[in-house]
Amino acid sequence: MMPEYRDRLRRGLALVDQLVHPSAARDAAGLSRHRAFIGAHLACGALALAVLPMLLALHGPLSLTAILVFAWALTQLPLAMYVSRSGALARGQLGSAVTSAGFVAGLAALSGGLASPALPFLVLAPLEAALTRRRGPVVLTLFVCLVLVAALAGADAAALLPAAPEPLFGLLPAGAVATAMALMLASLLALAFVADLRAAEGQARGEAGRHRLLALHARDAVAVHESGGRIASISPTVRGLFGLAPAEFAGDGFFQRLHVGDRPAYLKAVSDTDADGATRRLELRLRRGGSRPGETGVSDFGWIDFEVMNDAESGRVVSVIRDIDTRREMEADRDAAREAADAAQEARSRFLATVSHELRTPLNAILGFSELMRKLPQAAADTRKVQDYAGLIHQSGSHLLQLVNDMLNMARIEAGQFRITVEPVDMRNCLDGCRRMMAAEAEQAGLRLSSDIPLDLGEFTADPRACRQIALNLLANSVKFTPSGGRIVLFARKEASGLVFGVRDTGVGISGADLARVTKPFVQASDGTARAHDGAGLGLSVVKGLAELHGGRISLESRVGAGTCVTVYLPVGQAPLAAKADPADARPVAASAPGVRVAADPAQDAVRRIA
């Protein structure tokens, strides 16, 4: 029986749903309120229609009290139809409240006037009008109630009310019937309030669910601030953004997680926005993870976009917090790429300017002197001139060879194709041999070249070719940039961490602004095509690259007019940073060094064959 009753009730509700106006059917809360109003008023009117014929047949003419009851019940039908056709629920509720006020006043008039037990129930009419959620209907209904009370008072004073109303159906006293009907009206009104409250709660739950869903899946967090920058509430989005519960940011939690350097700007922005209502935007650093202020360990700070504004409705300060770590990283990568592109463009321009100058000068000498020897037969008979011309041509060719060698070495180092092969090297003999190689050139330039190398320097595991190249480049630089009468010292010493060697001179020196640049390829302290000294600006860059392939480094100390000291540090026991190369490019050397290979560069071999 119970399932059948539930099915009938479900079909009845479905029928009522069909009567709801389409404008209200789109909203769940509106649908519930319209359904309750239409269903209750239709049920009341339908019950009156069903009972009225039977009463007329069984009892005959009705009393005034019965007529009033059925009249009120039947008026519920047009109210329900009006709301169903128009969708104007507030007007239907106002009509129902006015009808109820007239019904209660009529019951009071038939059951003793101002002394009727039904009259206090007249207060239910303004309460029913409150279901409209508007002030106008409540005021209007209250005015109608006051008019009805005044009419009752006037009728009672004029003795127009019946002194002893006849009992309903000859059995029920009019006072008891009036009280019962007033109680029934109060019950119906209570049910209406319950239905409206449930609809409001359902709507609030639905909105809260939607807001929570939006907050959980939003990419930004929203916070409400109190005075002093404290956070009253914050959306749960912070859990996904920063891996922290909203409670971690409540109160002073957000402020405590800000970087110390950003806290004054945060407090000022919140205070100023609270004062003038203007929107402000900052980029702040926020502590991430579970570490708290004052705890040991490395703090993980990330960048956030903090936009603070004043909410016009509530008058409170609200902020929107966005995670911009990814954007900052992209901006940093973009800036780095731009700087790299600018540096590449600058290097290209520097390379073209330097190489064109360095190539033109010796080539012009080679072409000029060879042209003299070809066009002037009398010059060929002069052996001394021939030797001078040949010497100048050889010098220019040697300069070109050195330039090509330096460019090849630098290109191989930068491309990761320069391989070093370490072996025990007698560093004293290696460095002293380099000094002897440069002694004639230094003497010709009027320089005093000496060495400060301990007799017990001993062996050191390194690439001998790279060590010689480093020493020769440093000595050549010093000879080139030291005025006549100056001094050059090649020094070396053993330390616990490795080998230290280098060159110091009393040359022209390098300015502080150029110290960071001179180790870059094609850079000289006096850059450009008009220079006082020859060279492509590759010497120190090759030295730096070879030292780094050993896991070492170089340092420069210089002062303009006082000289320069270049020091090379090679660590002991450091595995060489062998660059990528094809094993087929390696060939074995002398049998005295088994298993040791030296990289072969076809371009370098071609240069050697040309030389």
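Calculation notes
Residues numbered from 1 in each chain as written. Predicted model: local features only at pLDDT ≥ 70, side-chain atom pairs only at ≥ 80, totals over all residues. Heavy atoms only, no water. Helix = DSSP H or I, 4+ residues; strand = E, 2+ residues; numbered from the N terminus. Buried < 20%, exposed > 50% of the residue type's maximum accessible area, 1.4 Å probe, protein only. Contact = heavy atoms within 4.5 Å. Areas by Shrake-Rupley, 256 points an atom, 1.4 Å probe, with all protein chains shown as cover. pLDDT = per-residue confidence, 0-100. Pairing = 2+ DSSP bridges. Axes fitted to C-alpha atoms, helices over the stretch in contact; angles between N-to-C directions. Left-handed = near helix turned anticlockwise from the far one by under 90°. Nonpolar A, V, L, I, M, F, W, Y, C, P; charged D, E, K, R; others polar. Salt bridge = Lys/Arg side-chain N within 4 Å of Asp/Glu carboxyl O. Phe/Tyr/Trp six-rings, centres within 6.5 Å; stacked < 30°, edge-to-face > 60°. Lys NZ or Arg CZ within 6 Å of the ring centre and 35° of its normal. Parallel < 35°, antiparallel > 145°, perpendicular 65-115°, else oblique. Polar contact = N/O pair within 3.5 Å; in protein donor to acceptor, adjacent residues only side chain to side chain. Expected span 1.5 Å × (residues − 1). Patch = residues over 30% accessible without salt bridge, like charges linked within 9 Å, V, L, I, M, F, W, Y side chains within 5 Å.

1. Overview of the overall build of the protein
The secondary structure content of the protein amounts to 20 helices and 14 strands. For the protein, with 611 residues in total, the buried portion stands at 37%. A sequence separation of at least 24 residues applies to 63% of the contacts in the protein between residues at least 6 apart. When the accessible area of the protein is evaluated, it comes to approximately 33600 Å², of which 60% is carbon and sulfur surface.

2. Some details on the confidence of the model for the protein
The predicted coordinates of low-pLDDT regions are not to be read in fine detail. Here the protein averages 76 in pLDDT, and 73% of its residues register 70 or above. Note that residues 578-611 has pLDDT below 50 and, in this model, 41 contacts with residues that lie over four places away or in other chains.

3. Thoughts on the pairing of strand β2 (residues 231-234)
Where strand β1 (residues 221-225) meets β2, three bridges bridge the pair, whose relative direction is antiparallel. Across the sheet, the residue bridging to H225 is I231, located in β2. In sequence, β1 turns back onto β2 through a hairpin of five residues, with G228 there showing a positive phi of about 80°.

4. Quick notes on the sheet that holds β2
Reading across the sheet, the five strands line up as β2-β1-β5-β4-β3 and stay open at both edges, with antiparallel pairing between neighbours. The sheet is open, and its two borders are formed by β2 and β3 (280-287), each paired with just one other strand. Put simply, the sheet's adjacent strands are angled 30° from each other on average, direction ignored. Alignment of β1 against strand β5 (residues 317-323), held across five bridges, turns out to be antiparallel. Note on β5: the bridge partner recorded for H225 is V317.

5. Observations concerning the sheet that holds strand β7 (residues 448-452)
On the basis of which strands lie adjacent, the open sheet formed by five strands has the order β7-β9-β10-β12-β11 and mixed pairing. Each end of this open sheet is capped by a strand with a single partner; those strands are β7 and β11 (553-559). On average, each strand axis in the sheet is tilted by 10° relative to the strand beside it, whichever way the strands run. In the sheet, β7 pairs with strand β9 (residues 487-495) via five bridges, with the strands oriented parallel. Across the sheet, residue R448 finds its bridge partner in β9, namely R487.

6. A few points about the packing of helix α3 (residues 28-59) against helix α6 (residues 89-110)
Between two packed helices, the angle of one axis relative to the other and the distance separating the axes together describe the packing. Following both chains from N to C, one finds α3 and α6 inclined at 35°, their axes separated by 11 Å at the closest point. Like other packed secondary-structure pairs, α3 and α6 cross with a definite hand, here left-handed. Facing R33, H34, F37 and H41 of α3, the residues of α6 in contact are L89, G92, Q93 and S96. Looking at the contact of α3 with α6 residue by residue, the class counts come to two nonpolar, five polar and one charged.

7. Points about the pattern of salt bridges
In total, this model carries 20 salt bridges according to the counting rule given. Among the ionic pairs, D305 bridges to R322, the shortest N-O distance being 3.0 Å. One end of the pair, D305, is in strand β4 (residues 301-310); the other, R322, is in strand β5, with 17 residues separating them in the sequence. One network of salt bridges, with partners in common, ties together D220, R281, D305, E307 and R322.

8. Remarks on the packing of aromatic side chains
All chains considered together, the criterion is met by six aromatic pairs. Between F249 and F254, the aromatic rings sit 6.1 Å apart at their centres with planes inclined by 40°, giving tilted as the arrangement. The burial state of F249 is the same as that of F254; both residues are buried. On the numbers, 6.3 Å between centres and 35° between planes, the contact of F255 with Y266 is tilted. Of this pair, F255 sits in helix α11 (residues 253-257) while Y266 is found in helix α12 (residues 263-276), placing the two residues 11 residues apart along the sequence. As far as the burial class goes, F255 and Y266 line up, both buried. Among the aromatic residues, those joined into a cluster by ring pairs are F249, F254, F255, Y266 and F306. One Lys or Arg, R263, reaches over the ring of F255 and ends 5.1 Å from the middle of that ring. A cation sits over an aromatic face here: R553 above Y569, 4.1 Å from the ring centre.

9. Remarks on the packing of helix α17 (residues 464-481) against helix α19 (residues 539-549)
Taken N-terminus to C-terminus, the directions of α17 and α19 make an angle of 155°; their axes are 9 Å apart at the nearest point. By the angle between their axes, α17 is roughly antiparallel relative to α19. Crossing hand, α17 versus α19: left-handed. Together, A466, Q469, I470, N473, L474 and N477 of α17 and G539, L540, V542, V543, L546 and A547 of α19 make up the contact between the two elements.

10. What to know about the side chain of S84
Along the chain, S84 falls in helix α5 (residues 76-86). Side-chain polar atoms of S84 contact the backbone oxygen of L19, separated by 2.4 Å. Not counting residues up to four positions away in its chain, the partners in contact with S84 are L19, H21 and I38.

11. A short note on the side chain of D262
By secondary structure assignment, the location of D262 is in the loop between α11 and α12. For D262, the side chain forms a polar contact with the main-chain nitrogen of R285, separated by 2.7 Å. Here D262 is in contact with L284 and R285, once residues within four sequence places are set aside.

12. Re α6
When the terminal C-alpha atoms of α6 are compared, their 31 Å separation across 22 residues agrees well with the 32 Å that a helix rising 1.5 Å per residue should span. Most of α6 sits inside the fold, with 17 of its 22 residues counted as buried. Directly beyond the C-terminal end of α6, a positive phi value near 120° is found at G112.

13. Comments concerning a nonpolar patch on the surface
Taken together, the side chains of L140, F143 and V147 define a hydrophobic patch exposed on the protein surface, amounting to about 280 Å² of accessible area. If you trace the backbone, F143 turns up in helix α8 (residues 135-157). Relative accessible area serves as the criterion here: at 53%, F143 is assigned to the exposed category.

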